[in-house]
4 protein chains.
Amino acid sequence: MPEPVGVRQAQAERTRSAVLAAAAAVFVDQGVQAPVRDIAERAGVGVGTIYRNFPTRADLVSAVYRHQIDTCAALSARLLEESASPFAALTRWVDAFVEFLVTKHGLGAALGSGDPGLENLHALMLDTLVPACATLLDACADAGELGADITAYTLMRAIGNLCITGPDYDRDDAKRMVATLLAGCRSAA
Amino acid sequence: MPEPVGVRQAQAERTRSAVLAAAAAVFVDQGVQAPVRDIAERAGVGVGTIYRNFPTRADLVSAVYRHQIDTCAALSARLLEESASPFAALTRWVDAFVEFLVTKHGLGAALGSGDPGLENLHALMLDTLVPACATLLDACADAGELGADITAYTLMRAIGNLCITGPDYDRDDAKRMVATLLAGCRSAA
Amino acid sequence: MPEPVGVRQAQAERTRSAVLAAAAAVFVDQGVQAPVRDIAERAGVGVGTIYRNFPTRADLVSAVYRHQIDTCAALSARLLEESASPFAALTRWVDAFVEFLVTKHGLGAALGSGDPGLENLHALMLDTLVPACATLLDACADAGELGADITAYTLMRAIGNLCITGPDYDRDDAKRMVATLLAGCRSAA
Amino acid sequence: MPEPVGVRQAQAERTRSAVLAAAAAVFVDQGVQAPVRDIAERAGVGVGTIYRNFPTRADLVSAVYRHQIDTCAALSARLLEESASPFAALTRWVDAFVEFLVTKHGLGAALGSGDPGLENLHALMLDTLVPACATLLDACADAGELGADITAYTLMRAIGNLCITGPDYDRDDAKRMVATLLAGCRSAA
DNA sequence: AATGAATGAGCATTCATTCAT
DNA sequence: GATGAATGAATGCTCATTCAT
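Since this is a predicted model, take the numbers as computed values, not measurements.

The transformation that overlays chain C on chain D combines an axial shift of 0.0 Å with a rotation of 176 degrees, and the residual RMSD is 0.7 Å. In the structure described here, the two chain copies are related by an operation that fits a two-fold rotation axis. Here 100% of the interface residues in chain C have copies in chain D that are interface residues too; the copies meet face to matching face.

Contact with chain C, which involves 26 residues of that partner, is made by 26 residues of chain D. In this assembly, chain C packs against chain D so that about 2100 Å² is buried in total across both faces, 68% of it on carbon and sulfur atoms. Three residues, Thr154, Asn161 and Met177 of chain C, lead the burial of chain C against chain D; their summed loss comes to 22% of the area buried on that side. Linking chain C with chain D are 0 salt bridges, by the criterion used here. Across the chain C-chain D interface, the total number found is 3 residue pairs in polar contact (both at pLDDT 80 or more).

This paragraph deals with the packing of aromatic side chains. Centre distance and the angle of the planes are the two values used to describe a pair of aromatic rings. Residue and element names in this part refer to chain D. Evaluated as defined, the whole model comprises 12 aromatic pairs over all chains. Ring geometry for Phe27 versus Tyr65: centroids 6.3 Å apart, planes at 40 degrees, classification tilted. Placement of the pair is Phe27 in helix H1 (residues 4-30) and Tyr65 in helix H4 (residues 57-82), with a sequence separation of 38 residues. Note on Phe27: relative accessible area 0%, which makes it buried. The exposure class of Tyr65 is buried, given its relative accessible area of 2%. Judged by centre distance (5.7 Å) and plane angle (15 degrees), the rings of Trp93 and Phe97 are stacked.

Before going further, it helps to spend a moment on the nonpolar core. Grouped together as the largest cluster of nonpolar side chains are 130 residues, with contacts concentrated most on Trp93, Phe97 and Ile159 of chain C together with Leu60, Trp93, Phe97 and Ile159 of chain D. By residue number, the principal contributor to this core is helix H4 (residues 57-82) of chain C, which donates 11 residues. Setting aside residues no more than four positions away along its own chain, Phe97 of chain C makes contact with Cys72, Met125, Leu129, Met156 and Ile159 of chain C. Counting residues in hydrophobic clusters, the runner-up holds 129 residues, among them Ala63 and Cys185 of chain A together with Val64 and Leu111 of chain B.

Contacts between the two partners involve 26 residues from chain B and, on the opposite side, 26 residues from chain A. Of the roughly 2100 Å² buried at the junction of chain B and chain A (both faces included), carbon and sulfur atoms supply 68%. The largest share of the area that chain B buries against chain A comes from Thr154, Asn161 and Met177 of chain B, three residues that together contribute 22% of it. Connecting chain B to chain A are 0 salt bridges. Where chain B packs against chain A, one counts 3 residue pairs in polar contact (both at pLDDT 80 or more). Residue assignment for the side of chain B that touches chain A shows that the elements contributing at least two residues are helix H8 (152-162) and helix H9 (171-187) of chain B. Here the side of chain B that touches chain A gets 9 residues from one element, more than from any other, and that element is H9 of chain B.

On to the arrangement of the chains. What separates chain A from chain C at the closest point of their C-alpha atoms is a distance of 37 Å, and the two make no contact. The two units chain B and chain D remain apart, with a minimum C-alpha distance of 21 Å.

With that settled, consider the UniProt feature "DNA-binding region" (unreviewed entry) in chain A. According to UniProt, the feature "DNA-binding region" (unreviewed entry) maps to residues 35-54 of chain A in the numbering used here. From the first C-alpha to the last, residues 35-54 of chain A spans 14 Å; its make-up is 75% helix and 0% strand.

The local shell around DNA strand E holds 38 residues, among which Arg8, Thr15 and Arg52 of chain B, Thr49 of chain C together with Arg57 of chain D are the closest. A share of 58% is what sugar and phosphate atoms reach among the atoms of DNA strand E within 4 Å of the protein. In this structure, Thr49 of chain B approaches DNA strand E through a side-chain N or O atom, which is 2.7 Å from a phosphate oxygen. In the model, a phosphate oxygen of DNA strand E is placed 3.2 Å from a nitrogen or oxygen of the Tyr51 of chain D side chain. Looking at the surface near DNA strand E, its residues break down into 15 nonpolar, 13 polar and 10 charged.

This part covers the environment of Thr165 of chain B. Residues and elements named next belong to chain B. For Thr165, the position within the fold is in the loop between H8 and H9. The partly exposed category is assigned to Thr165, whose relative accessible area is 23%. Taking C-alpha positions, Thr165 is 9.9 Å from Thr103, a pair spaced 62 residues apart along the chain.

Under the 1.5 Å per step criterion, the end-to-end length of H9 of chain B is 24 Å for 17 residues, consistent within 8% with the ideal 24 Å. Where H9 of chain B is concerned, the buried positions are Asp173, Ala174, Met177, Val178, Thr180, Leu181, Leu182, Gly184 and Cys185 of chain B. If you follow the buried residues of H9 of chain B, they end up packed against helix H8 (152-162) and helix H9 (171-187) of chain A together with helix H5 (86-102) and H8 of chain B. Between the side-chain oxygen of the N-cap and the backbone nitrogen of Asp172 of chain B there are 3.1 Å, and the N-cap of H9 of chain B in question is Asp170 of chain B.

Superposing chain B onto chain A takes a rotation of 176 degrees combined with a translation of 0.1 Å along the rotation axis, leaving an RMSD of 0.7 Å. With an isologous cut-off of 70% or more, the 100% of interface residues of chain B that recur at the interface of chain A puts this contact in the isologous class.

We now examine helix H2 (residues 36-43) of chain A. All names here are of chain A. Within the span of H2, buried status applies to Val36, Ile39, Ala40 and Ala43. End-on, the buried residues of H2 take up no more than an arc of 100 degrees, which puts them together on one face. Turned more than 90 degrees away from the buried face of H2 sit Arg37, Glu41 and Arg42, all of them exposed. Backbone geometry just after H2 places Gly44 at a positive phi near 70 degrees.

Further remarks concern the UniProt feature "domain: HTH tetR-type" (unreviewed entry) in chain A. With numbering aligned to this structure, UniProt lists the feature "domain: HTH tetR-type" (unreviewed entry) at residues 13-72 of chain A. Secondary structure across residues 13-72 of chain A divides into 82% helix and 0% strand, with the first and last C-alpha atoms of the span separated by 24 Å.

Attention now goes to the protein's contact with DNA strand F. Thr49 of chain A, Arg57 of chain B together with Arg8, Thr15 and Arg52 of chain D are the nearest of the 37 residues found near DNA strand F. Counting only the atoms of DNA strand F within 4 Å of the protein, the fraction contributed by sugar and phosphate is 57%. Between Gly48 of chain A and DNA strand F, the recorded distance is 3.2 Å, taken from a backbone N or O atom to a base nitrogen. The residue inventory of the surface near DNA strand F, partitioned by class, reads 15 nonpolar, 12 polar and 10 charged.

Residue and element names in this part refer to chain D. One can find Ser76 in helix H4. Take Ser76: its relative accessible area is 7%, and that puts it in the buried class. A distance of 3.0 Å separates the side chain of Ser76 from the backbone oxygen of Ala73, its partner in a polar contact. Those residues in contact with Ser76 that sit more than four places away from it in its chain are Trp93, Ala132 and Leu136.

It is worth spelling out the side chain of Thr154 of chain C at this point. Note on placement: Thr154 of chain C falls in helix H8 (residues 152-162). Among the residues examined, Thr154 of chain C registers a relative accessible area of 5% and is labelled buried. Among all residues touching Thr154 of chain C, those that are not within four sequence positions of it are Tyr169, Asp173 and Met177 of chain D.

Rules of the game
- Residues numbered from 1 in each chain as written.
- Chains lettered and ligands numbered in written order.
- Predicted model: local features only at pLDDT ≥ 70, side-chain atom pairs only at ≥ 80, totals over all residues.
- Heavy atoms only, no water.
- Least-squares fit on C-alpha atoms with pLDDT ≥ 70 in both.
- Contact = heavy atoms within 4.5 Å.
- Buried area = accessible area lost by both parts, 1.4 Å probe.
- Salt bridge = Lys/Arg side-chain N within 4 Å of Asp/Glu carboxyl O.
- Polar contact = N/O pair within 3.5 Å; in protein donor to acceptor, adjacent residues only side chain to side chain.
- Phe/Tyr/Trp six-rings, centres within 6.5 Å; stacked < 30°, edge-to-face > 60°.
- Helix = DSSP H or I, 4+ residues; strand = E, 2+ residues; numbered from the N terminus.
- Buried < 20%, exposed > 50% of the residue type's maximum accessible area, 1.4 Å probe, protein only.
- Core = buried A, V, L, I, M, F, W, Y, C linked by side-chain atoms within 4.5 Å.
- UniProt positions renumbered as here; feature names shortened; annotations may be inferred.
- Near = heavy atom within 4 Å.
- Nonpolar A, V, L, I, M, F, W, Y, C, P; charged D, E, K, R; others polar.
- Expected span 1.5 Å × (residues − 1).
- Arc of directions from axis to C-beta.

So this is what it looks like as C-alpha cells:
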C-alpha cells in the first residue's frame, strides 16, 4: 500500500465533488433552501457526509457557486481590455452576472434574504465579485461614463434583487430591468 | 341593554385590531412568514382567534397592508393633477410606494417569493396598485417622457425587489437604486 | 302579557326543533361525528344554544333519533298481530330497523364504536328497542321458530354492525346480510 | 468490523419491530386511529422514526397485521384439503378470521370506516384474504352447500362488521353471530 | 335564553442535526 | 471518513367547549 492516504484523499475528493454536483442540480430544481436529505439522496451519500464536508448550508451554497463566481470575477479584467469602452465592459460583465443569477433558482432571493446562515456566501460575493465590479465602475467613472455615487456592492445587490424571478416576472423581465438600471446609472454621468 | 350586539361587535373589532397590530409588529421582526403562534402570543389571543378572523395567512397579510395599499393607490390620481409633469408624478408616487415597502421588513421578499399561500396579497397589489401605476405610466408615455415597453406590473415587481433590504443594503440604498431605475426608464424615451 | 313564560317556552321549543332538524340533516351528510359548528350554522343558531339544549353529543344524537326509535319500538306489537307468524313479524320489524339504520350515515358505526360519549344513545336503544325486539324473539321462541340462545340485545347489536356501510358495501349488501343472519337464526330452531 | 452494515440493519430492524409491537399494543387499547405520539412514546422512539419506517398510517397498520393476514390467507388451502366438506373448511377458516379480528380492537371498525387513509390496509385484505375466501366459497357452491349469490368480499365485510365488539357485545357474541350468519348462508343452498 | 367570539389542547407532519457504528 | 437511523423541536391547523354580553 504505497499511498493509502492519497487514495483516501482522492476518494474523499470524489465524494465532495459528487455532493457539489448534486447540490447544484437540486438548487436549480428546488432553490438553495432545498432539504439536505434531497441533496444527499441525489449524491448517493448519507446526510452525515454533507454535514462533514459542509457544516453549514452556506458552506455548501458557497462551494457550489465558487467556481462560477471566480470565473465571473476573472471576466472583468478581460472585458475591460476587449471592450470599446469601460461602460461597454461593465454592460457585458453585468450580463454575465445576471446570466449566472437567473439560472440559479432562488439564489438571488437567498442573497437578499439577509439570512445569517448565508454569511459565507455573502462574504464570498463580497470578496471576489465586488472588487471585480468595482474595477469596472472605477474605469467607467474615470471615463466619465458613470456618476461616482454608486458603490459596487450596492449595484450588485440591486442587480441580485432584480434577478429574483417568479411566475409573472421571468428571466427576460429581470434582464430588461437590469439593463434599465444600468441605463439609469449611465444617465447620472 | 341598548345594543348588546354592538358591544360584542366592538369587542370583536378590538380583537381583530389587536391581531392586526400584533401581526404588523411581528412581520417587521420576523417577516410575513412568522409563525402564527408568535402573532397570537403577541396579540394576547389564542391561535384559534387568528384563524377565525383570518382563515389563511394571506388574509392576514393582506389585511395588515390593505389600508396602506389603498392609500398608495389613491395617491396616483392626486399626484397626476398636482405635479408639474407625469414623470414627476410617477417619481413621487414611486417614492411613496418605496416608503411603504421599506418599512415592511420582508414584504418585498414575500411578494417576490411566489409563495402560493400569498396569492391574495399578490392579487391585492395587482388589483389596486398596478392600475394606479399603469395610469401614471400611460400619462408618461403620452407625454413622451417614457418608453412604452415597460409594463406597470414589471416595474412594480422590480421596485419591490429593489426594496428587499438587508444589513449592508439599507433603505437609502434601496431608494437610490429605485431612483436610478426610474432614471433608466426615462432615458429610454 | 298573559303568558310571557309560555311565549318564551314556545320560542325555546322552536329553537330546539330547529337544532334537531339541522342535526338530522347534517348527520345524514357527515355522520354523527359532524362538527358542532356545522349543525349550529345549519340551524341558524349559535353553538352555545346547542350546548345548552344538548350538553353532550349523545344527548343530541339521541334526541334526533328518539322519535324514529319510538316509532320503531311501537311497531313490534302491531306487526305481531298483523303477521302470519311471529317470525314473519320479526322479519318485517328487522326490515324497519335496518331501514332506519342505513339511512343514518354513521349511526351504526357510532353505536358500535363503544364511544363512552354515546352512552345515552346506547341506553335509549336499550330501553326502547331491545324490549320491543325481545317481545318478538320470545314469540318466535314460543312458536318454535327460533332457538332460544339469542338475546335481543346481541341480535340488534349484530344488525347494527351489519348496517355499517361503505363504498363497497352498500345498503343492499347490508340488507342481504341481515336477512341471511335472520335465516341463520331461524335455522337454529 | 466484519459486518458493520449488518449491525446497523439489525438495530434498525429491532427499532422497526419495537414500533410494530408498540403500535399493535396501542391499537388494542385505542384503536388504529391512535395518535402517532402515543405509539412513539410506547415504543420509546421519536415520532420521526415512525414516519421514517411507516410514512403513512396505513403502512403501519398494514405492517402490524400483514403477517397474520398472510397466515390466515394461506390457511384456506390447507383447510380445504383437511376438512370433511368445503363448508366445514369455510367454517374453520372463518373461525380463524374471526379470531384474528376480535383480538384487534378497532380493526373491524377501521376496515368498515371507509377512511381513505386506510386504503392500503383495505387493499391488503382485498388482495390476500378475499381470494382465499373466494376459493372456499366456490368450493362450497360446487358442492351445493351454499347459494351462489354471496361474494367473498361482502361476506368478509359482514364478518368484519360483526366483529366490532364493545362492552356489551364481546368476542363470544361476535363469534356466535358470525356462526349464525354462516348458518344463514348455508340454509340458502 | 341565545349568542358567537375566544380559547387552547391535540394531532399530523417536516426536517435540521446528531452520533453510534 | 462515511453512513443513515434516530431525534424532537417547530409549526400549521381543527374543533370541542366556555363564558361574558
